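# Commentary on secondary and tertiary structure
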Amino acid sequence: MKSKEDILSILENVCDPEVPVLTIQDLGIVRDVHVISDKEVEVVITPTYSGCPAMNTISMNIKFELLAHGFEQVLVTEILSPAWTTDWMRESGKQKLKEYGIAPPQYDTMNNPRESDFVVPCPLCSSTNTKLVSQFGSTACKALYKCNDCLEPFDYFKCH
Ligand SMILES: [Zn+2]
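Overview of the structure. (Residues numbered from 1 in each chain as written. Predicted model: local features only at pLDDT ≥ 70, side-chain atom pairs only at ≥ 80, totals over all residues. Heavy atoms only, no water.)

### Focus: the coordination of the zinc ion
Around the zinc ion, the protein contributes the donor atoms Cys122 (SG), Cys125 (SG), Cys147 (SG) and Cys150 (SG), at 2.3 Å from the metal centre. Metal-centred angles of 103 to 118° between the four donor atoms at the zinc ion mark the site as tetrahedral. Each donor residue of the zinc ion belongs to the same chain, with the gaps between them written as C-x2-C-x21-C-x2-C. With Cys125 in the loop between β4 (102-103) and β5 (130-134) and Cys147 in strand β6 (residues 142-147), the pair connects residues that are 22 residues apart, well separated along the chain. On the basis of relative accessibility, which here comes to 0%, the residue Cys147 falls in the buried class. (Donors = N, O, S within 2.8 Å, 3.2 Å for Na, K, Ca; no water. Tetrahedral: all angles 85-135°; square planar, octahedral: opposite > 155°, others 65-115°. Helix = DSSP H or I, 4+ residues; strand = E, 2+ residues; numbered from the N terminus. Buried < 20%, exposed > 50% of the residue type's maximum accessible area, 1.4 Å probe, protein only.)

### Focus: the nonpolar core
Residues Leu11, Ile24, Ile62, Leu66 and Phe157 are the most contacted members of the largest nonpolar core, which totals 28 residues. Those elements that place two or more of their residues in this core are α1 (4-11), α2 (24-27), β1 (30-35), β2 (40-45), α3 (54-68) and β3 (73-78). Broken down by element, this core gets its largest block of residues, four residues, from α3. Shared between two domains, this core holds at least three residues of each, these being domain 1 (4-78) and domain 2 (87-157). In this structure, Leu11 is in contact with Ile24, Gln25, Val30, Val33, Val43, Ile62 and Leu66, ignoring residues within four places of it in sequence. Core analysis: the second largest hydrophobic core is formed by eight residues, Cys122, Ala143, Tyr145 and Phe154 among them. (Core = buried A, V, L, I, M, F, W, Y, C linked by side-chain atoms within 4.5 Å. Domains from an automatic or database assignment. Contact = heavy atoms within 4.5 Å.)

### Considerations on helix α4 (residues 91-99)
Within the span of α4, buried status applies to Gly93, Lys94 and Leu97. One side of α4 holds all its buried residues, which, seen down the axis, span an arc of 100°. Projecting away from the buried face of α4 at angles above 90 degrees are the exposed residues Glu91 and Glu99. Buried residues in α4 make contact with α2, β4 and β7 (153-157). (Arc of directions from axis to C-beta.)

### Some points on the sheet that holds β1
Spatially, β1-β2-β3 is the arrangement adopted by the three strands of the open sheet, whose pairing is mixed. Edge positions in the sheet fall to β1 and β3, since each of these pairs with one other strand and no more. Adjacent strand axes in the sheet meet at a mean angle of 15° when their direction is disregarded. Here β1 pairs with β2 via five bridges, running antiparallel. Looking at the pairing, Val30 lines up with Ile45 of β2. Against the sheet, α1 contacts β1 and β2, and its axis sits at roughly 130° relative to β1. Together, β2 and β3 form the strand contacts of α3, whose direction differs from that of β3 by roughly 150°. (Pairing = 2+ DSSP bridges. Axes fitted to C-alpha atoms, helices over the stretch in contact; angles between N-to-C directions.)

### Points about the packing of aromatic side chains
Tallying each qualifying case throughout the model produces three aromatic pairs. Between the aromatic rings of Trp84 and Phe157, the centroid separation amounts to 6.5 Å while the plane-to-plane angle is 70°, which identifies the pairing as edge-to-face. One end of the pair, Trp84, is in the loop between β3 and α4; the other, Phe157, is in strand β7, with 73 residues separating them in the sequence. Residue class for Trp84 comes out buried when judged on its relative accessible area of 3%. (Phe/Tyr/Trp six-rings, centres within 6.5 Å; stacked < 30°, edge-to-face > 60°.)

Here is the structure:
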């Protein structure tokens, strides 16, 4: 029978449909795994943003991945509390975001609750001369910024 660790390493293959360079493990949304038998497994996840349409795709991808590894029954359970925060993201995940051209969340939500006070550096040229264009970027989870130096618009992965 596969162990919880086996399942967690299989889940390293499941990517965020919105930011395909990030795995669900980078995002920190997998809360628990219960191996019920060698055919049956339950994965407990906490959605990043409630109502985020990507979550259905993530659940489906978790099922596909585990079915491909020989499981016949895969249950994906969502728990909403405690709510996911960007603090649960791996540092390596934040780095991957930046390389992908999305500014990673700038602070931990515990210490700095006021996002509007923060300067978001441009992920392309690292300039801090940037400006918020819209609270909603390509998806509700991101804000749209523009860099005043390289003049490129970029997404910022919002903290919460
Ligand atoms: Zn720039």
